[in-house]
Amino acid sequence: QVQLVESGGGLVQPGGSLRLSCAASGSFFTSYPMGWYRQAPGKQRELVAGMARDGTTHYADSVKGRFTISRNNTRNTVALHMNSLKPEDTAVYYCRLGFSADFSHWGQGTPVNVSA
């Protein structure tokens, strides 16, 4: 059974930083790509940052230079380091393991609120 548990969300002022973490169960962690998505109220869920098995990263244009995805294969965790946060970054953030129709799992989400 795959389980993904996110943590680290909260309220932060504009310009501040947060670090989100996602812990995955199971021994297959290194076999699949992982990513962070977000969904703001009234909007579709969007990919924020992704990391392939070989470590290649991809970022949405809106977060390039501000967010960094990292992965610890020993601890089965993936993190999203968010700097220079803006009010438009407010959303529920989800981690995802695997992007295919055959294998794709989501965490429960962690809310991020960027507000003065």
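Coordinates for the structure precede this section.
The written sequence of each chain sets the order in which its residues are numbered from 1. In keeping with the model being predicted, local features are shown solely for residues with a pLDDT of at least 70 and side-chain atom pairs are shown and tallied solely at 80 or more, while totals for entire chains, interfaces and linings include all residues. Here the side-chain values reflect all heavy atoms present in the structure, with hydrogen atoms and water set aside.

## Details of the sheet that holds strand β8 (residues 77-82)
Strand pairing within a sheet occurs via backbone hydrogen bonds; the two strands may be parallel or antiparallel. So the rule is basically this: Here, strands pair whenever DSSP counts at least two bridges between them. Comment: elements are numbered from the N terminus, with helices defined as DSSP H or I runs of at least four residues and strands as E runs of at least two. Axis geometry follows a simple rule: fit a line to the C-alpha atoms, using only the stretch in contact for helices, then measure angles between N-to-C directions, giving values from 0 to 180 degrees.
Reading across the sheet, the four strands line up as β1-β3-β8-β7 and stay open at both edges, with antiparallel pairing between neighbours. This sheet does not close on itself; its edge strands, each paired only once, are β1 (4-7) and β7 (67-72). For this sheet, the mean angle separating the axes of adjacent strands, direction not counted, is 15 degrees. Pairing of β7 with β8, which is carried by six bridges, proceeds in the antiparallel orientation. The residue bridging F67 from the neighbouring strand is M82, located in β8.

## Concerning the pattern of salt bridges
To be explicit about the condition: Within this document, salt bridges are pairs made up of a side-chain nitrogen of Lys or Arg and a carboxyl oxygen of Asp or Glu, the two lying within 4 Å of each other. Burial status follows relative accessibility: with a 1.4 Å probe on protein chains alone, a residue under 20% of its type maximum counts as buried, one over 50% as exposed, and anything between as partly exposed.
Across all of its chains, the model carries four salt bridges by this definition. Measuring nitrogen to oxygen at the nearest pair gives 2.7 Å for the salt bridge that ties E46 to R38. By relative accessible area, which is 34% here, E46 ends up partly exposed. Note that R66 is salt-bridged to D89, the shortest N-O span being 2.8 Å. In this pair, R66 is assigned in the loop between β6 (57-59) and β7 and D89 in the loop between β8 and β9 (91-97), connecting sequence segments 23 residues apart. For the residue pair R66 and D89, the accessibility class agrees, reading buried in each case.

## Examining unusual backbone geometry
If a residue is not glycine, its phi is most likely negative; likewise, a peptide bond is most likely trans. Positive phi values are uncommon outside glycine, yet N76 reaches one of about 55 degrees. Within the secondary structure, N76 is located in the loop between β7 and β8. On the basis of relative accessibility, which here comes to 15%, the residue N76 falls in the buried class. Phi is positive for S84, close to 50 degrees, though the residue is something other than glycine. Following the sequence through the fold, S84 ends up in the loop between β8 and β9.

## A look at the environment of P33
Inclusion rule: When checking whether two residues touch, look at their non-hydrogen atoms; a contact exists if any pair is within 4.5 Å.
Topologically, P33 is positioned in the loop between β3 (18-24) and β4 (34-39). C-alpha separation for the pair P33 and G98, spaced 65 residues apart in sequence, amounts to 5.3 Å. With sequence-adjacent residues up to four places away left out, P33 is seen in contact with M51, A52, R53, R71, R96, L97, G98 and F99.

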